[in-house]
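# Structural overview for review
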Amino acid sequence: MGIKENLEIINKKINELNKDAVLVVVTKNQPIEKIREVISLGVDNLGENRIQEAFQKFNIIGKMNNKITWHMIGHLQTNKVKNAVEVFDMIQSLDSLNLVEEINKRCKAMNKIMPVLVEINIANEPQKTGLKEEELLGFLKSINHFENINVQGLMAMAPFVEKENREKTRPYFKRVNLLFEKVKKESIPNIEMKYLSMGMTNDYEIALQEGSNMVRIGTGVFRE
Ligand SMILES: *Cc1c(COP(=O)(O)O)cnc(C)c1O
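Residues numbered from 1 in each chain as written. Predicted model: local features only at pLDDT ≥ 70, side-chain atom pairs only at ≥ 80, totals over all residues. Heavy atoms only, no water.

### Some words on the overall build of the protein
Each helix and strand in the protein was counted, giving nine helices and eight strands. Over its C-alpha atoms the protein spans a radius of gyration of 17 Å, differing by no more than 12% from the 17 Å that the globule rule assigns to 224 residues. Principal-axis analysis of the C-alpha atoms places the extent of the protein at approximately 50 × 40 × 30 Å. Per-residue burial for the protein yields a buried fraction of 52% across its 224 residues. (Helix = DSSP H or I, 4+ residues; strand = E, 2+ residues; numbered from the N terminus. Rg over C-alpha atoms; globule rule 2.2 N^0.38 Å. Buried < 20%, exposed > 50% of the residue type's maximum accessible area, 1.4 Å probe, protein only.)

### Brief notes about the nonpolar core
Grouped together as the largest cluster of nonpolar side chains are 66 residues, with contacts concentrated most on Ile-103, Val-118, Leu-140 and Leu-154. In terms of residue count, the dominant contributor to this core is helix α7 (residues 170-186) (five residues). When sequence neighbours within four positions are dropped, the list of residues in contact with Leu-140 reads Val-118, Val-151, Val-183, Ile-188, Ile-191 and Met-193. In terms of nonpolar packing, the next biggest core, distinct from the first, is built from six residues, Val-24, Met-90, Leu-117 and Tyr-195 among them. (Core = buried A, V, L, I, M, F, W, Y, C linked by side-chain atoms within 4.5 Å. Contact = heavy atoms within 4.5 Å.)

### Thoughts on the side chain of Glu-48
Within the secondary structure, Glu-48 is located in strand β2 (residues 45-48). At 2.6 Å, the side chain of Glu-48 and the side chain of Thr-27 are in polar contact. A distance of 2.9 Å separates polar atoms of two side chains, one belonging to Glu-48 and the other to Lys-57. Apart from residues lying up to four places away in sequence, Glu-48 is in contact with Thr-27, Lys-28, Ile-35, Glu-53, Ala-54, Lys-57, Trp-70, His-71, Met-72, Ile-73, Gly-74 and Phe-88. (Polar contact = N/O pair within 3.5 Å; in protein donor to acceptor, adjacent residues only side chain to side chain.)

### Quick notes on the site of the ligand
As a matter of local geometry, the ligand sits amid Val-26, Lys-28, Ile-73, Met-157, Met-200, Thr-201, Arg-216, Ile-217, Gly-218 and Thr-219. Interatomic distance of 2.9 Å between a side-chain N/O atom of Lys-28 and an oxygen atom of the ligand. Alone, the ligand offers 390 Å² of accessible surface; in the complex the protein occludes 85% of this. Residues that form the shell around the ligand fall into these classes: five nonpolar, three polar and two charged. (Near = heavy atom within 4 Å. Areas by Shrake-Rupley, 256 points an atom, 1.4 Å probe, with all protein chains shown as cover. Nonpolar A, V, L, I, M, F, W, Y, C, P; charged D, E, K, R; others polar.)

### Focus: the pattern of salt bridges
The full count for this structure, using the stated rule, is 18 salt bridges. Between Arg-106 and Glu-102 there is a salt bridge, and its shortest N-O distance comes to 3.0 Å. Here Arg-106 pairs with Glu-102, and both are found in helix α5 (residues 97-110), just four residues apart, close to one helical turn. Overall, Glu-102 belongs to the buried group, its relative accessible area being 15%. Taking the shortest distance from any N to any O, the salt bridge between Lys-174 and Glu-210 comes out at 3.3 Å. Note that Lys-174 is positioned in helix α7 and Glu-210 in the loop between α8 (204-209) and β8 (214-217), a separation of 36 residues in sequence. By sharing partners, the salt bridges in this structure join Lys-12, Lys-13, Glu-16 and Glu-205 into a single network. (Salt bridge = Lys/Arg side-chain N within 4 Å of Asp/Glu carboxyl O.)

Note that every value here comes from positions in space, so none of it alone points to a role or purpose.
Written as structure tokens, this is what we have:
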């Protein structure tokens, strides 16, 4: 089995579980040839988690006539924002006011509006970044006046479990989905709840069953 077959299986699953969901192929640690291969197979959303690596790849691959959407899915430091806003079309890891201010400032200088997702640390794991559930509403209300940022939804990761225990991720995805729906009902001005980005190789099927409409898959696409 190769990339083509892996993608066919994943796309088939997505079609069955939520045909409107977006597949972001996570290309971190993958060489250029592999990225070109997924693009030639129809993939147009790419996810990277490190600025340096993304920057190098972006300089080779680019946006291919605006066909490619580059997603930042890793933790972003404020001193890397300048490069990040040049490469990425969506930042999925927004988790602090400092970051909002910096992204807004850099985007304003470029005349760009950055779509962002707010990252939720749904299991309150100390080693992970992201806001706590209870911090979200206050945070959104404190950032919705920034003109060069467009909040479009939420991103979350379930705690790591072995593949055979993946059902254990379900309650976490359910909680993020509830939060997503709750925020939607609040109708906060300038805050859209359009994307719910959750689900990776081992748990994307569960995430899709629990309301995800954007999955981020790396290993599952590139493994032999
Ligand atoms: C690496 C990564 C993924 C993809 O993980 P796989 O298990 O390889 O599918 C998804 N989201 C984030 C935030 C990641 O860092």
